[in-house]
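Spelled out, the chains give:
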Amino acid sequence: MKSYSQISGEIGEFSDLPFWKKADTVDLAYVTYGLLIVTLVVLSYFLGSFNLLPHDPQDLDLELMMAGPGTAGHLLGTDFMGRDMLSRLIVGIQAYFLPGLLAITISLLFGTLLGVLAGYHGGRSETVITYFTNLVDSFPRLVLILLVIAAFKPDIYVIMIVVGITNIPVVASLIKGKIQFLKQKNFIEADTALGLPTRTIILKHILWHNCRSLLIIQATLGMGEAILMETSLSYLGFGVQEPTPSWGNMVQSGANYFMKGQFWPSTAPALAILFTILGFHLLGDGLNNILEGRRGK
Amino acid sequence: MKLSAIRPIALVLSREMAITLLLLLGVSFVVFIILYLSPGDPFSALLEGQLSSGESPSGAHEVLGVPPSWYARYLSWLANLLQGNFGTSIRTGMPVLGEVLRVGINTLILTLGSMLVTLLIAVPIALYSVVRGINKISWPLTMFAYVVSALPVFWLGYIVIYFFTHKLGLFPLAFGYATTSTKFGWLYALLPIFVLGVGNGTISEVIRSLRDEMGRVMAEDYIRTARAKGASVWKHSFKEGLLIPVTEIVAAKIPFILGGAVIVEQVFNWPGMGRMAWQAAQDRDYPVIMGIAILAAVFVRLGSLFQSVVYVAVNPRASKE
């Protein structure tokens, strides 16, 4: 069984077909939806940072509170203080976008470093890294972050450094596994026999040619994690504070009205969270199936 | 069970126990370092206003019997931990360990219950899609799992509270009180357990990993042989294809479910560790959050200890690895 799949995999790697022709329709649909969401998020981030908004997100309109979606002038309605929902949702992206990128950068950078150490050199460094992985995995992430909050009262960037650190083990173990797989194929041995410097082997042949897609996938999944973390924390009241909008604190502040049957003020940001995280997850999984050939037929 | 079957388990158990203890030592060190690095240790709060700025408070440390170096401080702190002295809460003045253990049992009920809910949803979907492949039924189910995993658990909590408690009145509107005041108060526990089980964000991962593992096992030669000679495929694939993957994924997801418990306890006012952690983070009550972090790590480690025991019990060869 094993040897067959290996052979077909190698043929797949060298076939001339572009990857989108080999892919499942389902995976392409996932990726399309994911890319759509990523584009929307990035676009909205820039709209928010250049203040190109339909309304001022802090502008109170006490005549028009709790308007539903589709109200004239307010596409997504208004919240309990008459503030424009769409503008607040767009500005809410500021709360997680850059911090999320920071978390991704940390986990990818250090995860790659540790993964290469463990996979390429093996031996004692592998033991140390396994121990570190188990140590990080011992803490429920949210509890660890609450501990850091209690100790430092940090801003969101420091929290995202912690999120990034807790993601390091996943990246490290994936990179390690990939390198060990490559070693089995005598691929690295051949490189060494050719007299290539270690730097070229690791940076070009291992990381660039073989781990590129893996890192992209981890980046999208990491962004999903970061959004989940930021919204959870600002829901709990630890992140961005009112009146600055964040999706989490928007859900929280709309909650009182939820029990009175006025769902929209907390449902709109909740749906934004849902569709965005779903987008990042589907993008990651779809890319994983397409680029790494994970979906078994 | 025969003695020969127990020996490998005992061997692995002792090895895993040693690893667990080592990791818990590491956990205590990480917690200590975070608190050690935090600005404004309890002493500066104690001495606030009594020292001119820049004056070293080291004299006060000596008078109070605090070791000057960080490692001596770590060791004395660790010795206290090992004697069960986790310090006293800054907010309530109660000893931390007793308080955390008292609410820890509620969190244990919540997490174990919701794990069961997750498995009750995930295992049938995974089994179905392994046996039948991707078709008109398993495809929407998988999609549903994706959507559910991305749902913000707090919002799911609101919906459930609104419909079941406000609209239908099926469950007592308790927020922690009804557990003692009404006869059916325990029913209230079902809502948060359900919400955490559905909304802890792990369902799609659990399904995917179970489906991959089961798919791999179902393609093995010995399953084909079992099928060919008319033996029960279920019986031959159960251990390798269901028991091991399920314990593995459950052990791996404990930290996520505990993290989700923080939010669900907040939404439902469930008197557990997560709510206490939230309160402690608000008040910067270090001893409490420290105790919770350590206890949570103990939960996680015990889970993975359990997993390796099951793994070896099913597959004694593994003890020689």
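Just so it is clear, the structure is predicted and the values come from calculations on it, not from any experiment.

(A) Up close: the overall build of chain A. Along the backbone of chain A there are 13 helices and zero strands. Listed by position from the N terminus, the elements making up chain A come as α-α-α-α-α-α-α-α-α-α-α-α-α. Along the longest, intermediate and shortest principal axes, the C-alpha atoms of chain A span 75 × 50 × 35 Å. Per-residue burial over chain A gives 51% buried out of 297 residues.

(B) Spatial organisation of the packing of aromatic side chains. Taken as a whole and judged by the stated rule, the model has 20 aromatic pairs over all chains. A ring pair is formed by Tyr-30 of chain A and Tyr-146 of chain B, whose centres lie 5.5 Å apart and whose planes are at 75 degrees; its orientation type is edge-to-face. In this pair, Tyr-30 of chain A is assigned in helix H3 (residues 25-49) and Tyr-146 of chain B in helix H6 (residues 138-150), connecting two distinct chains. An identical accessibility class is assigned to Tyr-30 of chain A and Tyr-146 of chain B; each is buried. Note on Tyr-162 of chain B and Phe-163 of chain B: the rings are 5.3 Å apart at their centroids and 90 degrees apart in plane angle, and the pair reads as edge-to-face. Residue Phe-163 of chain B is classed as partly exposed on the basis of its relative accessible area, which comes to 40%. Feature note: the residues Tyr-235, Phe-258 and Phe-263 of chain A together with Phe-154, Tyr-158, Tyr-162 and Phe-163 of chain B constitute an aromatic cluster, connected by ring pairs. Here the guanidinium or amino end of Arg-212 of chain A rests over the ring plane of Trp-208 of chain A, the centre of that ring lying 4.7 Å away.

(C) Representation of the interface of chain B and chain A within the structure. Listed per partner, the contact involves 52 residues of chain B and 47 residues of chain A. Both sides together, the interface formed by chain B and chain A hides about 4,600 Å², and carbon and sulfur atoms give 75% of it. The interface formed by chain B and chain A contains one salt bridge. Counting across the chain B and chain A interface gives ten residue pairs in polar contact (both at pLDDT 80 or more). Those elements that provide at least two residues to the side of chain B that touches chain A are helix H1 (3-37), H6, helix H7 (153-167), helix H10 (203-218), helix H12 (233-268), helix H13 (273-283) and helix H14 (286-314) of chain B.

(D) Molecular detail of the confidence of the model for chain A. When the pLDDT values of chain A are averaged, the result is 84; 91% of them are 70 or greater. A low-confidence stretch, residues 1-14 of chain A stays under pLDDT 50, and its non-local contacts, those more than four residues away or across chains, total six contacts.

(E) Examining helix H5 (residues 97-121) of chain A more closely. The end-to-end C-alpha distance of H5 of chain A, which contains 25 residues, comes to 35 Å, matching closely the 36 Å that a straight helix rising 1.5 Å per residue would cover. Just beyond H5 of chain A, the residue with positive phi is Gly-122 of chain A, at close to 65 degrees.

(F) Spotlight on the environment of Thr-78 of chain A. All names here are of chain A. When you line up the elements, Thr-78 lands in the loop between H3 and helix H4 (85-92). We classify Thr-78 as buried; its relative accessible area is 0%. Not counting residues within four places of it along the chain, the set of residues in contact with Thr-78 comprises Leu-64, Met-65, Met-66, Ala-67, Arg-83, Asp-84 and Met-85.

(G) Representation of H3 of chain A. Its 25 residues give H3 of chain A an end-to-end C-alpha distance of 36 Å, which sits within 8% of 36 Å, the value for a rise of 1.5 Å per residue. Every buried residue belonging to H3 of chain A is among Asp-27, Tyr-30, Val-31, Gly-34, Ile-37, Val-41, Ser-44, Tyr-45 and Gly-48 of chain A, and all of these are buried. Taken together, the buried residues of H3 of chain A touch H4, H5 and helix H13 (264-291) of chain A together with H6 of chain B. Following H3 of chain A by one or two positions, Asn-51 of chain A has its phi on the positive side, about 60 degrees.

(H) Focus on the nonpolar core. The biggest cluster of nonpolar side chains holds 145 residues, and the ones touching the most others in it are Ile-175 and Ile-206 of chain A together with Val-31 of chain B. When residues of this core are assigned to their parent elements, the largest contribution, 13 residues, is made by H12 of chain B. The residues touching Ile-206 of chain A, leaving out its near neighbours within four places in the chain, are Tyr-120, Ile-179, Leu-182, Ile-188, Ile-201 and Cys-211 of chain A. Ala-23, Ile-217, Leu-283 and Ile-290 of chain A belong to the second largest nonpolar core, which has six residues in total.

The rules behind each value
Residues numbered from 1 in each chain as written. Chains lettered and ligands numbered in written order. Predicted model: local features only at pLDDT ≥ 70, side-chain atom pairs only at ≥ 80, totals over all residues. Heavy atoms only, no water. Helix = DSSP H or I, 4+ residues; strand = E, 2+ residues; numbered from the N terminus. Buried < 20%, exposed > 50% of the residue type's maximum accessible area, 1.4 Å probe, protein only. Phe/Tyr/Trp six-rings, centres within 6.5 Å; stacked < 30°, edge-to-face > 60°. Lys NZ or Arg CZ within 6 Å of the ring centre and 35° of its normal. Contact = heavy atoms within 4.5 Å. Buried area = accessible area lost by both parts, 1.4 Å probe. Salt bridge = Lys/Arg side-chain N within 4 Å of Asp/Glu carboxyl O. Polar contact = N/O pair within 3.5 Å; in protein donor to acceptor, adjacent residues only side chain to side chain. pLDDT = per-residue confidence, 0-100. Expected span 1.5 Å × (residues − 1). Core = buried A, V, L, I, M, F, W, Y, C linked by side-chain atoms within 4.5 Å.

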